[in-house]
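One letter stands for each residue in the lines below.
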Amino acid sequence: MEFGPYLFIASLEGAITAAVLALTAVGLSIVFGIMRVVNVAHGEFYMLGAVFAWWITNLIGGHPAVGFVAAVIITPVLVGVLAVIADHLILRKIDYDPERTIVATIGLLYVIQQTTLMTFGPEARPVEAPFNKRIALPWIEYGEQGLALIWPWGLSTTTYKLAVIVAAIFILLMLWLLMTRTRIGLIMRATQLDREMATAHGIPVNKVYALVFGLGAGLAALGAVLIVPIQQAHYLMGADPLLLSFIVVIIGGLGSVVGTIVAALFIGLSDGIISVFFTPTLAKIIATLAVAFVLVFRPQGMFGKPE
Amino acid sequence: MSTAVRSSILHLSVLCLLATLFFILPEYHSGNIARILIMAVYAMGYNLLFGYTGLLSLGHALFFASGMYGLGLSIDHLGLSAAPAMLVGLFSALAISTIIGFLALRTSGVAFMIVTLMFAQAGYLTILLAGKYTRGDEGFVIKQSDRIIAGIDLSQADNRYFAALILFAIVFIFIGILVNTRFGKTLVAIRENSERARMLGYDIQRHKLIAIIISGSLSGVAGAAYALLFGYAGATFSTVQYSIYPLLWVLLGGAGTTIGPLIGTVFMTYLIDISSEYTSAYMLIAGLVLILLTLFAPQGLAGVLRKKFLPWLP
Amino acid sequence: MSLLSTKGLSKNYAGLQAVNSVDFDLPEGQIRALIGPNGAGKTTFVGMLSGRIESSQGQVYFDGTDITGMPAHRRMGLGMAYTFQITSIFSKLSVHENVALAARRVIGGNNSQVRLRIKEVLNKVHLVDRADQIAGDLSYGHQRLLEIGMGLAQSPRLFILDEPTQGLAENEIDDFILLIQALSAETTVLLIEHNMDVVMRTANYITVLNFGETLAEGTPNEIRANQEVQAAYLGKN
C-alpha cells in the first residue's frame, strides 16, 4: 500500500482508539473533577467491562447481536454497582483523602485484576461483533484523467468499527446532556464547585460521590464493551487504558471534561499515526515523559489557562 | 533508661538476632532472609522520603533499577570488577534521583505521585527499548567470577548472607543516626507542617531534594547489591510493581519508624511467598493488605506498637 | 535607623488593589501596631513583609537590605520571626520539640545550647511543666503561647505577630499583654491586632491601613483622637 492510504487507515484506527479513550478518560476525569481523587483502579473497571461482556455474551448465546446488546446494557451497570460498593467500603471510610485514595485504589487494582486472573483465567477471550461487514474505502488519486476515486487493495474498514465511533459520540452527547440539562447534573456540578457549600445546601454529597464514582467506572466499562469485539478480553488489559487516560486527563487539564475529550482525540489519533513512524515502546516513552513534563511545567494542562 | 540508650539497644539486638538466625535457620530461609535484608535496605531508603519527609513517591523502582543496571551493565559491558561497579550503581542512582528530585519537587501531593510514576514508567520502557544492552524483560545473569569483592565470593550462601547483613547494618545504623540529627528532625517538621517549617526559616525545597537524593541513592545501593548477590538484573525490577512494594512494606511495617521497613519486608515477603505456592494470583494479597492498611492501620505495625506499648520506639 | 521599611509596596489580585503603594518605616526597638478594618489589606501587607505573598510593585527593606524578591525562609534567616493568625504548630510533636525546631535553626547542632534556650523560652511563656506534652493536646490558649515561644526561640530582631490574641478569653488576653510588653526589651515587634484594648496597652506607635493605603500613623493617643480613623471604623460598623 502506498503511504497516503496507509496514513488514512492509521488515522481511522486512531479515531477508534480516540473514541474509546474519550469514554474511559472522561470517566476518570469526572471522578477527579468532582471528587478530587485519582482512581488508579480505573483501568481495572475497563478490564471488568470487557470480561463481563465476554461472560454475558457467552451466557446468552444465540445471535451475537442479542448477547452484545445485553452486554452493552448490563455491563456498565454491573461495573458501576461494583464501583459504588468500593466507594462505600473504602473511599468514604478514608474521607476521600487524595493520597490515601491513591494507595487504596492501587490495592483495589490488584484485588480486581488478581481476582479476575483466578476466575476468568490468564487467556485472552474474544467476543463476536454484532455485525461486521467489511467496507472498502476509496482513495483520491491524480491519474491520467485527472482526479479519480480508486479503491486500493487493503484499504478497508468494518461497519462495526464505524459504529464504535458513532456510539462513542452518542454516549458523550448523552453525558453532556446529563451534566448540563438535568437536575442530577446540576447537583454534580454544584458539588464540584464547592463541597462545603453543597453540604450546606442539603446536597447529599456522599451519595453524589458514590454516583459519580459509579458513573466513571461505568463509562470505562462501556468503552471496553465497545472495543472488546476488536481487541479480546484479558485480565491485564487495564494497564494501557489507565496510562492513556492519565495522559489524556492531565494534558487536557485535570477535571476539565471538554479538555479531556479534545486531548483524547489528539492522543488517540496521534497514537495511531505515531505508531506508523515509531516503535510502540518509543511512542509510550514519549507519552509518559510528556505527562510528567506537563505536570511539572504546565500543571493546568495544555489547554487550560494559567492561574 | 534514656530514649537514646533504649533505641541503641534495640538496634543492636535486631542486628545480633539477624546474625544468629543464619546459624539456626535451614538454608532455604537464610537465602530468603538475605533477599529480605536487601529489600529492607530498599524499604529504608523509601521510608526516609515517605515516612520521615512525607513525600509519597510511586517511582522508586527507577532508583532501584538505576543501581541494579549501573552495576550490571558496567560489569557486563565495561568489564569492571564488582567493587567499582557497585560505585557506578550508587552514582547512577544518585545522579538520576537528583534530576528526578529537581523536576518532581516543582509539584506536590497527587501531582508528585503521578510525576514520579511516569518518570519510572519511562525508565522501565527505556530499559525495554535498549534491549540490545539490557536484554529487556529476560534480563541477564552476572557471572559468578564477577561477583567477588576483596576475594570473597558473594555467590556462596554464607558470604552472601553476611554481606547482605553488613549492608543492612550500615544503612540501619545510618538511618537511626540520621533521623536524630538536626537534618532528620527538620524532615519530620516538614512532614508535619511544611508551611510552619518554612516560616521558621528552613529551606523546604533543599531539604526535600536532599531527602530524595539520599532515599534514591539508598534504593540504588539496594538494587546494585541485589544484582551482585543474586547474580541477575532484569527489567521486572523497574516495573510499577517494584515501586509499589517498598510503599507496601513501609506502610505495613510502620512509616516513620526505623524498625518498620524491616518488619514490613519480612512479613510481606513471606506472605507473598506462601501465597504464591497456592496461586498465581499472589498479588491479591498485596492488594488486600494495601486496602486494609489504608483503612484500619495507616501507622503500620511498628506505629501501632509505638502508640500502644512503646512510646520511645525510634 | 529603621529596621524594616517599604517603598511604594503594592499588591493587586486580578485587578483588585489589595495594597496600594504603602510607604512604611519601623525603627528598631519599637512595638508597632498595624490596625485597620476588615479587608483593609493588613494580611496581604504582612504577607509581603514575611515573604508569604509576592508583591506586585515596590520594595521591602530589612536592615537596609532590599529583600523584595527573597524567599520567606531566607527572610527568617535574616532575623525575622512570624506567628500565624490561625494557630500553626507541629501538633503531633512534643512542646519541647516544637520549640527545639525553632531554636535549632538559629543555634545549630549544639544540643546543650539548644536545651538552654528551650528552657529559657518555655519559662517565659509558662509552658515548662508541659514540655513533654504533645502540642496538639494543649488547650487553645497554650497553643497560642507555644506559637509565641517558637518565635522567641529564634531570638528575632523583628517579631511579626499576626493577631496573637484572636480567640482568647479575657484573662488569657491580660497575660498576653504582659508578654508582649516584656518583648520590647529584646526585639522589635510588629503587631497586627483587632482588639483595640491590646493595641492601646502595648503599642508605642500605630499605623492604620484602610482600603490598602496608609490612613494615619501616630502614637496611641493621636490615633485615638484622629477623626478619619474613627470614621473608617465607624463607617465599617
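Asks: Where do I start with the overall build of chain B in this structure?
Replies: The helix and strand tally for chain B stands at 14 helices and four strands. In summary, chain B has a C-alpha radius of gyration of 19 Å against a globular reference of 20 Å for 314 residues, a match within 12%. Every one of the 314 residues in chain B was classed for burial, and the buried ones make up 59%. For chain B, restricting intrachain contacts to residue pairs at least 6 apart in sequence, the fraction spanning at least 24 positions comes to 78%. Charged side chains of chain B number 18 positive and 12 negative; the gap between the two group centres comes to 15 Å.

Asks: Quick question: what am I supposed to make of the arrangement of the chains here?
Replies: Where two pairs of chains are in contact, the pair with the most contacts is made of chains A and B. Considering only C-alpha positions, the minimal separation of the non-contacting chain A and chain C is 10 Å.

Asks: Explain the side chain of Thr260 of chain A here, please?
Replies: Relative to the helices and strands, Thr260 of chain A is located in helix 10 (residues 257–277). The residues contacting Thr260 of chain A, other than those within four sequence positions of it, are Ala25, Val26, Ser29, Val248, Val249 and Gly252 of chain A.

Asks: How should the interface of chain C and chain B be read in this particular structure?
Replies: Each partner contributes residues to the interface: chain C has 24 residues there, and chain B has 16 residues. When the buried surface of chain C facing chain B is broken down by residue, His73, Phe90 and Arg105 of chain C rank first, second and third, together holding 31% of it. Where chain C touches chain B, the interface holds two salt bridges. Here Glu147 of chain C and Arg196 of chain B are joined by a salt bridge, their closest N and O atoms 2.9 Å apart. Of all the secondary-structure elements, those providing two or more residues to the side of chain C that touches chain B are helix 2 (72–77), strand 6 (80–83), helix 3 (95–107) and helix 5 (140–152) of chain C. Looking at the side of chain C that touches chain B, the element that brings in the most residues is helix 3 of chain C, giving five residues.

Asks: Help me out: how do you make sense of the confidence of the model for chain B in this one?
Replies: Low pLDDT means the predicted atomic positions in that stretch should not be read closely. Residue and element names in this part refer to chain B. Considering every residue of chain B, the mean pLDDT works out to 91; 100% of them sit at 70 or more. When the elements of chain B are averaged for pLDDT, strand 2 (residues 148–149) gives the smallest value, 82, and helix 10 (residues 204–230) the largest, 96. Model confidence for the complex is summarised by a pTM of 0.89, with the ipTM given as 0.89.

Asks: Explain helix 8 (residues 205–231) of chain A to me, please; I cannot follow it from the model alone.
Replies: In an α-helix, one full turn covers 3.6 residues, which means residues spaced three or four apart are oriented alike. Residue and element names in this part refer to chain A. In this model, helix 8 (27 residues) spans 38 Å end to end at C-alpha, consistent with the 39 Å of a helix rising 1.5 Å per residue. Of all the bends in helix 8, the greatest, near 30 degrees, is centred on Val225, and the proline Pro229 appears no more than four residues after it. In terms of burial, helix 8 is largely enclosed, as 21 of its 27 residues are buried. Of the residues one or two after helix 8, Gln232 is the one with positive phi, at around 75 degrees.

Asks: Honestly, a nonpolar patch on the surface in this entry has me stumped. Any pointers?
Replies: All names here are of chain A. A surface patch of nonpolar side chains, about 750 Å² in accessible area, is lined by Trp55, Leu59, Ile60, Val66, Val69, Ile73, Ile74 and Leu78. Looking at the nonpolar patch, the elements with two or more residues in it are helix 2 (42–60) and helix 3 (64–91). For the nonpolar patch, the element with the highest residue contribution is helix 3, accounting for five residues. By the element assignment, Leu78 lies in helix 3.

Asks: Any chance you could explain the sheet that holds strand 3 (residues 31–35) of chain C here in plain terms?
Replies: By way of backbone hydrogen bonds, the strands of a sheet pair with one another, either parallel or antiparallel. All names here are of chain C. Spatially, 6-7-8-3-9-10 is the arrangement adopted by the six strands of the open sheet, whose pairing is mixed. Looking at strand neighbours, the two that pair on one side only are strand 6 and strand 10 (213–218), the edges of this open sheet. For this sheet, the mean angle separating the axes of adjacent strands, direction not counted, is 15 degrees. Sheet topology note: the strand 9 (residues 205–210)/strand 10 ladder contains five bridges and is antiparallel.

Asks: Explanation requested: the interface of chain A and chain B in the structure shown.
Replies: By convention, interface size is frequently given as the accessible area that disappears when the constituent parts associate. Across the boundary between the two partners, chain A contributes 36 residues, which contact 37 residues of chain B. Of the roughly 3,100 Å² buried where chain A meets chain B, counting both sides, 84% is carbon and sulfur surface. Interface area lost by chain A to chain B is led by Val103, Tyr110 and Val296 of chain A, which between them contribute 19%. For the pair chain A and chain B, the number of links is zero salt bridges. Counting across the interface, chain A meets chain B through two residue pairs in polar contact (both at pLDDT 80 or more). When contributions to the side of chain A that touches chain B are tallied by element, the ones reaching two or more residues are helix 3, helix 4 (98–119), helix 9 (239–252) and helix 11 (280–297) of chain A. Take the side of chain A that touches chain B: its biggest share by element is 15 residues, from helix 4 of chain A.

Cut-offs and rules
Residues numbered from 1 in each chain as written. Chains lettered and ligands numbered in written order. Predicted model: local features only at pLDDT ≥ 70, side-chain atom pairs only at ≥ 80, totals over all residues. Heavy atoms only, no water. Helix = DSSP H or I, 4+ residues; strand = E, 2+ residues; numbered from the N terminus. Rg over C-alpha atoms; globule rule 2.2 N^0.38 Å. Buried < 20%, exposed > 50% of the residue type's maximum accessible area, 1.4 Å probe, protein only. Contact = heavy atoms within 4.5 Å. Lys, Arg positive; Asp, Glu negative; His and termini not counted. Charge placed at Lys NZ, Arg CZ, Asp CG, Glu CD. Buried area = accessible area lost by both parts, 1.4 Å probe. Salt bridge = Lys/Arg side-chain N within 4 Å of Asp/Glu carboxyl O. pLDDT = per-residue confidence, 0-100. Expected span 1.5 Å × (residues − 1). Bend = angle between axes of the 7 residues up to and from the residue. Patch = residues over 30% accessible without salt bridge, like charges linked within 9 Å, V, L, I, M, F, W, Y side chains within 5 Å. Areas by Shrake-Rupley, 256 points an atom, 1.4 Å probe, with all protein chains shown as cover. Pairing = 2+ DSSP bridges. Axes fitted to C-alpha atoms, helices over the stretch in contact; angles between N-to-C directions. Polar contact = N/O pair within 3.5 Å; in protein donor to acceptor, adjacent residues only side chain to side chain.

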